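# Results of the structural survey
Okay, here's what each chain looks like letter by letter:
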Amino acid sequence: MQVLNGLQLGSIYALVALGYTMVYGIILLLNFAHGDIIMVGAYISWLVMAQLGMPPVLAMILSVLGCTLLGVIIDKVAYAPLRNAPRLSILITAIGVSYFLENGAQLVFGADAKVVPAFTDVSTIQVGGVSVSFAAVATVVVTAVATVVLTLLVQKTKLGKAMRAVSEDMGAARLMGINVNNTISFTFAVGSALAGIGAVLYAMAYTQATPTMGMMLGTKAFVAAVLGGIGSIPGAVVGGLLVGFAEVIVTALGLSVWKDAVVFLLLIIVLIVRPTGIFGRTMSEKV
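Residues numbered from 1 in each chain as written. Predicted model: local features only at pLDDT ≥ 70, side-chain atom pairs only at ≥ 80, totals over all residues. Heavy atoms only, no water.

Taking an unreviewed UniProt entry as the reference, the protein chain is identified by name as Branched-chain amino acid ABC transporter permease belonging to Olsenella profusa. UniProt's Subcellular location (unreviewed entry) comment on the protein chain is quoted here verbatim: "Cell membrane". Checking UniProt for the protein chain, the heading Sequence similarities (unreviewed entry) contains the comment "Belongs to the binding-protein-dependent transport system permease family. LivHM subfamily." (UniProt positions renumbered as here; feature names shortened; annotations may be inferred.)

This is the structure we're talking about:
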């Protein structure tokens, strides 16, 4: 059971970490507003089901679409004008967007937690004669499928090739006729769609939405991305699973108050032993 719990929690972190990895791999931006996009997705699910009384399937679709649209808007409004600005300026802007979304949600929905209705009446399923959580199984399966689809998108499609070209050399990509701004916006859309999927899975597992829920979730997913090697798709998944299992093991030992500290301790150890992360590669910079 603890293994399944670790897989479920790790899969959620992996999905969020994939969003970080997508954006960082293209424009070297740590989008600290990414966790708050998940928060918005959870509120959309609550709004559609609890307030409007619409079916869960529609809530899932609107959550993913809403997060995707929000990610593109954030890029166009906050990040695109700073394409040629120093990285510190973009980083500060990302933090500002994060606080804007958190405080905006608190202003609109209030500071109290909103209970997200169940997406399905099925709570457990039988696997090999053992009852397991449907939400846990769905989370693991969806994360696995999303990882495969994302890998195929990046490696096998024309847009994926454009993304890799922009990642390698933005100036050369422009000279080759690639629309850099559109490619970056597409990357934000994909990363935010993953955040929307993560929002649905998180709401399915924990059934609540709060204005600050994306802060720690996003921070731990960032840790997962760094652990695996930020910019690496397999690394984001492995890092997410490591963080998830670390939390579950510590909680199972009765030390749940230390679960956050253990995650960051794990990050420190990996950065000391292998600063680029497990799947990261050393990058050289011309001077």
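Past the structure itself, the notes keep going.
## Quick look at a nonpolar patch on the surface
Taken together, the side chains of L47, L52, M54, V57, L58, I61, L62 and L65 present a nonpolar region at the surface, about 670 Å² in accessible area. Here the nonpolar patch takes five residues from helix α3 (residues 56-79), the largest share from any one element. (Patch = residues over 30% accessible without salt bridge, like charges linked within 9 Å, V, L, I, M, F, W, Y side chains within 5 Å. Areas by Shrake-Rupley, 256 points an atom, 1.4 Å probe, with all protein chains shown as cover. Salt bridge = Lys/Arg side-chain N within 4 Å of Asp/Glu carboxyl O. Helix = DSSP H or I, 4+ residues; strand = E, 2+ residues; numbered from the N terminus.)

## Regarding the packing of helix α1 (residues 2-27) against helix α6 (residues 158-168)
Closest axis-to-axis distance for the α1/α6 pair is 6 Å, and the angle between their directions is 55 degrees. What the angle tells us is that α1 and α6 run oblique. Mapping the contact onto sequence places M22, G25 and I26 in α1 and M163, V166 and S167 in α6. (Axes fitted to C-alpha atoms, helices over the stretch in contact; angles between N-to-C directions. Parallel < 35°, antiparallel > 145°, perpendicular 65-115°, else oblique. Contact = heavy atoms within 4.5 Å.)

## Some thoughts on the packing of helix α5 (residues 134-156) against α6
One can describe the packing of α5 onto α6 by two numbers: an axis separation of 5 Å at closest approach and a directional angle of 75 degrees. Comparing the axis directions of α5 and α6 gives the class roughly perpendicular. Touching L153, V154, Q155 and K156 of α5 are K158, G160, K161, M163 and R164, all from α6. Residues of the contact of α5 with α6, tallied by class, amount to three nonpolar, two polar and four charged. (Nonpolar A, V, L, I, M, F, W, Y, C, P; charged D, E, K, R; others polar.)

## So, the environment of V3
Along the chain, V3 turns up in helix α1. Exposure remark for V3: the relative accessible area of 54% places this residue in the exposed category. Spatially, the C-alpha atoms of V3 and A146 are 21 Å apart, while their sequence positions differ by 143 residues. (Buried < 20%, exposed > 50% of the residue type's maximum accessible area, 1.4 Å probe, protein only.)

## Observations regarding the UniProt feature "transmembrane region" (unreviewed entry) in the protein chain
Per the UniProt entry, the sites bearing "transmembrane region" (unreviewed entry) are residues 12-30, 60-78, 90-109, 129-154, 184-206 and 261-280 in this numbering. Taken end to end, residues 12-30 has its terminal C-alpha atoms 19 Å apart, with 84% of it in helix and 0% in strand. Here residues 90-109 runs as 100% helix and 0% strand, with 28 Å between its end C-alpha atoms.

## So, the packing of aromatic side chains
For the structure shown, the criterion picks out seven aromatic pairs. Arranged with centres 6.3 Å apart and planes meeting at 85 degrees, the rings of Y43 and W46 form a pair that is edge-to-face. With Y43 and W46 both in helix α2 (residues 34-51) and three residues apart, this pair spans about one turn of that helix. The residues Y43 and W46 share a single accessibility class, namely buried. (Phe/Tyr/Trp six-rings, centres within 6.5 Å; stacked < 30°, edge-to-face > 60°.)

## Quick look at the nonpolar core
Note that soluble globular proteins tend to have their nonpolar side chains buried in a common cluster. With 73 residues, the main nonpolar core has I74, Y79, F119 and L150 as its most contacted residues. In contact with L150, other than residues within four places in its own chain, are L18, M22, V190, L194 and I233. (Core = buried A, V, L, I, M, F, W, Y, C linked by side-chain atoms within 4.5 Å.)

## Points about the confidence of the model for the protein chain
Summing up the model confidence of the protein chain, the mean pLDDT is 86 and the portion of residues at 70 or higher is 96%. Within the protein chain, no element has a lower average pLDDT than strand β2 (residues 124-127), which sits at 73, and none a higher one than α3, at 93. (pLDDT = per-residue confidence, 0-100.)

## Some words on helix α8 (residues 180-206)
When the terminal C-alpha atoms of α8 are compared, their 38 Å separation across 27 residues agrees well with the 39 Å that a helix rising 1.5 Å per residue should span. In terms of burial, α8 is largely enclosed, as 21 of its 27 residues are buried. T207 lies just past α8 and shows a positive phi near 50 degrees. (Expected span 1.5 Å × (residues − 1).)

## Observations concerning the pattern of salt bridges
Applying the stated criterion across every chain, the model contains four salt bridges. Between R83 and D75 there is a salt bridge; the shortest N-O distance is 3.1 Å. Given the relative accessible area of 18%, R83 is considered buried. In this structure D75 comes out as buried when scored by relative accessible area, which is 0%. K114 is paired through a salt bridge with D112; the nearest N and O atoms lie 3.4 Å apart. Given a relative accessible area of 15%, K114 falls into the buried group. By sharing partners, the salt bridges in this structure join K220, E247 and D260 into a single network.

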